[in-house]
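Residue-level listing of the chains:
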Amino acid sequence: MHVLITGAGGHLGRKLFDTLEATPEFTVSGIDIRPVDHPNIHTEDLSGDPKWVARLKGVDVIVHLAGDREPAANWSSAIKHNMDATLSLYHHAAAMGVRRVVLASSNWVHGDKRFAQDRLDSSTPPGPVNAYGMSKLFCERTGAYFAKHHGLSVICMRIGWTQWTHDNQPGPHMAMGRWGQEMWLSDRDFLQGMHAAIVADNVEFAALNLMSDNPGMRWDISETKRTIGYAPQDGAKASITPLIAMKSAMKGFFSHSLVKAIESRFPDW
């Protein structure tokens, strides 16, 4: 099976590239907007010259990790590097006979649920709170369109928190309090989950959570296990210090509870 990884030189992309390259069942190639010191990772810009389309010849599965990964991304960047680039990728993948795209979506699709109590799964209404989250929702919905109308299997993985620092170990050093810790995703669970998405049979379209099996989290990974055979090996209970609890309570009050109270009292405000 030939797998092409976009963003193959990035934090997650290179980990996945190296792992698949060492697995005999795969032929692996990659593209990245920046030069990468590997003969099979090519410098291409998905939002630029379409010469990159030739890289899709003979590819079975694309793992699409490229894009602006910053939650603080502005609209201009999110539209160009996430929305437009992904739409172009779907179009050319379908035209070139690619079987599946595994999309790196994000937990930010449910960004508005941080201080609510909703169970988070594929049926939970989305609520992105920034351009980045909105761009990922757009990529999911256009993926559903290409799956339905163009025969392109699309699996969207709503990736949790994999850190650049601390050897990606969980704990109170993580930002966003309980919310941040409970979406922790270990390296080996990330790699196993992506492998499962690449090889899964009979999936036309799915939008699935990809977190480690963290006790008490609101993200439902049972659908991920059932749909693609995800088998997480790690998990960590959130460590909530008094300072984290105080910060979370204050942020929750001002960004969620107070807003809901005002909306209830003044519905037309």
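Now for a quick tour of the structure. (Residues numbered from 1 in each chain as written. Predicted model: local features only at pLDDT ≥ 70, side-chain atom pairs only at ≥ 80, totals over all residues. Heavy atoms only, no water.)

Their axes nearest at 10 Å, the elements helix α1 (residues 11–21) and helix α5 (residues 187–199) cross at an angle of 65°. Between α1 and α5, the angle is such that the two are roughly perpendicular. Of the two elements, α1 crosses α5, and the hand of that crossing is right-handed. Contacts from Leu12, Lys15, Leu16, Thr19 and Leu20 of α1 reach α5 at Asp187, Phe190, Leu191, Met194, His195 and Ile198. The residue inventory of the contact of α1 with α5, partitioned by class, reads seven nonpolar, two polar and two charged. (Axes fitted to C-alpha atoms, helices over the stretch in contact; angles between N-to-C directions. Helix = DSSP H or I, 4+ residues; strand = E, 2+ residues; numbered from the N terminus. Parallel < 35°, antiparallel > 145°, perpendicular 65-115°, else oblique. Left-handed = near helix turned anticlockwise from the far one by under 90°. Contact = heavy atoms within 4.5 Å. Nonpolar A, V, L, I, M, F, W, Y, C, P; charged D, E, K, R; others polar.)

Moving on to the packing of aromatic side chains. Here the structure, examined in full by the defined rule, presents three aromatic pairs. When the centroid spacing of 5.8 Å and the interplanar angle of 80° are considered together, the rings of tyrosine 145 and phenylalanine 146 count as edge-to-face. In this structure tyrosine 145 comes out as partly exposed when scored by relative accessible area, which is 44%. Ring centres 4.6 Å apart and planes at 50° place the aromatic pair tryptophan 179 and tryptophan 219 in the tilted group. Taken as a pair, tryptophan 179 in helix α4 (residues 177–182) and tryptophan 219 in the loop between β7 (205–210) and α6 (222–228) lie far apart in primary sequence, 40 residues in all. Residues tryptophan 179 and tryptophan 219 agree in their burial class; the two are buried. By the ring-pair criterion, three or more aromatic residues cluster together here, those being Tyr90, Tyr145 and Phe146. (Phe/Tyr/Trp six-rings, centres within 6.5 Å; stacked < 30°, edge-to-face > 60°. Buried < 20%, exposed > 50% of the residue type's maximum accessible area, 1.4 Å probe, protein only.)

Next up on the list: helix α2 (residues 75–95). Across its 21 residues, α2 extends 28 Å between first and last C-alpha, which sits within 8% of the 30 Å expected from 1.5 Å per residue. Maximum bend of α2: about 30°, positioned at alanine 85. Taken together, the buried positions of α2 are occupied by Ser77, Ala78, Asn82, Met83, Ala85, Thr86, Leu89, Tyr90 and Ala93. Near the N-terminus of α2, the side chain that reaches the backbone nitrogen of serine 76, with its oxygen 3.2 Å away, is that of asparagine 74. Glycine 97, located one to two residues past α2, shows a positive phi value of around 80°. (Expected span 1.5 Å × (residues − 1). Bend = angle between axes of the 7 residues up to and from the residue. Polar contact = N/O pair within 3.5 Å; in protein donor to acceptor, adjacent residues only side chain to side chain.)

Judged by nonpolar contacts, the single largest core of 40 residues is most densely connected at Ile5, Leu16, Val63, Met157, Phe190, Met194 and Ile228. Among the secondary structure elements, those contributing two or more residues to this core are β1 (2–6), α1, β4 (61–64), β5 (100–106), β6 (153–159), α5 and β7. Top contributing element to this core by residue count: α5, with six residues. Once residues lying within four places of it in the same chain are set aside, the contact partners of leucine 16 are Ile5, Val63, Leu65, Phe190, Leu191 and Met194. (Core = buried A, V, L, I, M, F, W, Y, C linked by side-chain atoms within 4.5 Å.)

All right, on to helix α3 (residues 131–150) then. Taking 1.5 Å as the rise per residue, α3 with 20 residues should run 28 Å; its terminal C-alpha atoms sit 27 Å apart, in good agreement. Just past α3, the residue glycine 151 takes up positive phi, approximately 70°.

Another point: the layout of surface pockets. In this model, the largest pocket occupies a volume close to 990 Å³. Lining the largest pocket are 38 residues; nearest its centre among them are Leu65, Asp68, Arg69, Glu70 and Tyr132. Breaking the lining of the largest pocket down by element, the ones donating at least two residues are α1, β2 (27–32), α2, β5 and α3. For the lining of the largest pocket, the residue count by class is 16 nonpolar, 14 polar and eight charged. (1 Å grid on protein atoms, 1.4 Å probe; cavity = no way out; pocket = protein on both sides within 12 Å on 5 of 7 lines; lining within 4 Å. Points joined across faces, edges and corners; volume = space filled by probe spheres on them.)

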